[in-house]
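Single-letter residue listing:
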Amino acid sequence: MPVVVGVLKESAANENRVAIVPEIAAKLKALGAVVMIERGAGTAANFPDGGYKDAEFASSSEILARADVLLKVQPPSSLEVDALKRGAVVIGFMQAYARPELVRALAAHGVTSFAMELVPRISRAQSMDALSSQAAVAGYKAVLLAANALEKFMPMLTTAAGTIRPATVLVIGAGVAGLQAIATARRLGAVVEAYDVRSATRDQVKSLGAKFVETGVSAEGAGGYARELTDEEKARQQEVLDARIAASDAVISTASVPGRAAPRIIGQAAVERMRPGSVIIDIAAEQGGNCALTRAGETVVHGGVKIVGPVNLPATLAFNASEMYSRNLFNLLKPALAKGELAIDWQDEVFAGAVLTHDGQIKHEATRKAVEGGSP
Ligand code: NAD
């Protein structure tokens, strides 16, 4: 019996992405799988039904009843989990820390679930790294939001009406999103500087043509691990950063610590030092924000400074974000479909690392503790 791979139309608000684009449906079929997709699943990402030549269309209830593997962008709902076969596999962003009931339902229903956010960040798994692919989208889009919100040009302009100075952009957090933001702001012609607590990012920032903000404080401790800074060092670091924030036309903040609330880096006082018309695009908004004034899903104006707290930026570039996500899913799933039937190699550190529930149990240790401890 061929493996049935199911794809639903995402039901979460403003989720325009689709888990499988036509290119990947064709690749799954070539591996011997049957792809069943709900009508309109790709429409919001501009992949109309007509493009899915290698998939069969079916109702959501039929897909849920027949799928051996259900591919999702957002976590499945409890109703969807209830409708799955025992032993079915679900792969998507599971947001387990915020959804203890879902995790319990997945385990109780004997569903094997893999969370894309748990895929180990090892070299071999880079092509499966959906956190990175979607963060790159967010970093790019954040700069476009900044350009749009600013009442200034990004590049330097030399015109008959005089020379216009380029905008200054500060990127806080030089991870995947931050580096993409730097590259995008540079392409638009802005003068860019960036800051990260990891000094390893210094060379990456410089190689993209941006200046690294030197605070004169190093968090480098023994064995390459970060050490706790003294209060005096923290104050010195913040003072330097506040001055750079005050001098910027646009701040793109992307700082994040896995599994925790976003670090608070831009205080109200720092915002009040910025020029009116400046903007902050806080892409950590959904994790509580890097700026004290950020409100997720809103634009707050404080003293003429716009603080934008975007939510689910990848869904606003749904076509390319879906292509990238779909390829990540395929690269993860492919080894398990190699022999034409579903066979997960539990010795493979990618599957072993990304598994959330299997065989009635919560396999991911931190999630199990959180769920069984009763806290989200
Ligand atoms: P992230 O989204 O968790 O964090 C974004 C950035 O915020 C990080 O660079 C972090 O150092 C920074 N940050 C945290 N606290 C901060 C603070 N107080 N002030 C300033 N900056 C702060 O991280 P990410 O972008 O998902 O990934 C981070 C890094 O992980 C990457 O840049 C890369 O080096 C590594 N990575 C490796 C692989 C791989 O090997 N397959 C894949 C992806 C990422």
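Residues numbered from 1 in each chain as written. Predicted model: local features only at pLDDT ≥ 70, side-chain atom pairs only at ≥ 80, totals over all residues. Heavy atoms only, no water.

Peer 1: Whenever I open this one, a nonpolar patch on the surface confuses me. Can you help?
Peer 2: A cluster of nonpolar side chains, namely Tyr 140, Leu 144 and Leu 188, defines an oily patch on the protein surface of about 200 Å² accessible area. Mapped onto the secondary structure, Leu 188 falls in the loop between helix H6 (176-187) and strand S10 (191-195). (Patch = residues over 30% accessible without salt bridge, like charges linked within 9 Å, V, L, I, M, F, W, Y side chains within 5 Å. Areas by Shrake-Rupley, 256 points an atom, 1.4 Å probe, with all protein chains shown as cover. Salt bridge = Lys/Arg side-chain N within 4 Å of Asp/Glu carboxyl O. Helix = DSSP H or I, 4+ residues; strand = E, 2+ residues; numbered from the N terminus.)

Peer 1: In this structure, what is going on with the environment of Ser 278? I would like to understand it.
Peer 2: In this structure, Ser 278 sits in the loop between helix H9 (268-272) and strand S13 (279-282). Judged by its relative accessible area of 2%, Ser 278 falls in the buried class. When the C-alpha positions of Ser 278 and Tyr 52 are compared, they lie 44 Å apart, and in sequence the two are 226 residues distant. Non-local contacts of Ser 278, meaning those with residues more than four positions away in its chain, are made with Leu 150, Ser 248, Asp 249, Gly 304, Val 305 and Lys 306. In terms of polar contacts, Ser 278 uses its side chain to reach the backbone carbonyl oxygen of Arg 275, at 2.6 Å. (Buried < 20%, exposed > 50% of the residue type's maximum accessible area, 1.4 Å probe, protein only. Contact = heavy atoms within 4.5 Å. Polar contact = N/O pair within 3.5 Å; in protein donor to acceptor, adjacent residues only side chain to side chain.)

Peer 1: So what exactly am I meant to see when it comes to the pairing of strand S2 (residues 34-37) here?
Peer 2: On any regular strand, side chains alternate: one points to one face of the sheet, the next to the other face. Burial along S2 is two-sided: the face carrying Val 34 and Met 36 and the face carrying Val 35 and Ile 37 are both buried. Where strand S1 (residues 4-7) lies against S2, four bridges are found, and the strand directions are parallel. Considered in S2, the bridge of Val 5 is made with Val 35. Crossover handedness for the path S1 to helix H1 (residues 22-30) to S2: right-handed. (Pairing = 2+ DSSP bridges. Right-handed = clockwise from strand over helix to strand, strands pointing away.)

Peer 1: I'm lost on the packing of aromatic side chains in this one. Help?
Peer 2: Ring pairs (aromatic) are described by centroid distance and by the angle formed between their planes. Inspection of the entire model under this criterion finds five aromatic pairs. Between Phe 47 and Phe 319, the ring centres sit 4.3 Å apart and the planes meet at 15°, which makes this aromatic pair stacked. Here Phe 47, found in the loop between S2 and strand S3 (55-57), pairs with Phe 319, found in helix H10 (residues 318-337); they are 272 residues apart in sequence, far enough to count as distant. For Phe 47, a relative accessible area of 8% translates into the label buried. We classify Phe 319 as partly exposed; its relative accessible area is 36%. Pairing Phe 93 with Tyr 325 gives two aromatic rings, centres 5.4 Å apart and planes at 25°, and the pair type is stacked. Linking Phe 93 in the loop between strand S5 (89-92) and helix H4 (100-108) with Tyr 325 in helix H10, this pair joins segments that are 232 residues apart in sequence. Neither residue differs from the other here; Phe 93 and Tyr 325 are each classed as buried. (Phe/Tyr/Trp six-rings, centres within 6.5 Å; stacked < 30°, edge-to-face > 60°.)

Peer 1: Looking at this model, I keep getting lost on the side chain of Thr 254. Mind explaining?
Peer 2: Topologically, Thr 254 is positioned in the loop between strand S12 (250-253) and H9. The buried category is assigned to Thr 254, whose relative accessible area is 13%. Contact partners of Thr 254, with chain neighbours within four places excluded, come to Ile 172, Gly 173, Ala 174, Ala 177, Gly 178, Ile 283 and Asn 290.

Peer 1: Just to check I follow, could you spell out the site of the ligand for this structure?
Peer 2: Near the ligand, the surroundings consist of 20 residues, among which Arg 121, Ser 132, Val 176, Asp 196 and Arg 198 are the closest. Interatomic distance of 2.7 Å between a side-chain N/O atom of Arg 121 and an oxygen atom of the ligand. Between the ligand and Ile 122, the relevant distance is 3.4 Å, taken from a nitrogen atom to a main-chain nitrogen or oxygen of the residue. Contact with the protein chains hides 75% of the accessible area of the ligand, taken as 830 Å² for the molecule alone. Split by residue class, the shell around the ligand holds 10 nonpolar, six polar and four charged. (Near = heavy atom within 4 Å. Nonpolar A, V, L, I, M, F, W, Y, C, P; charged D, E, K, R; others polar.)

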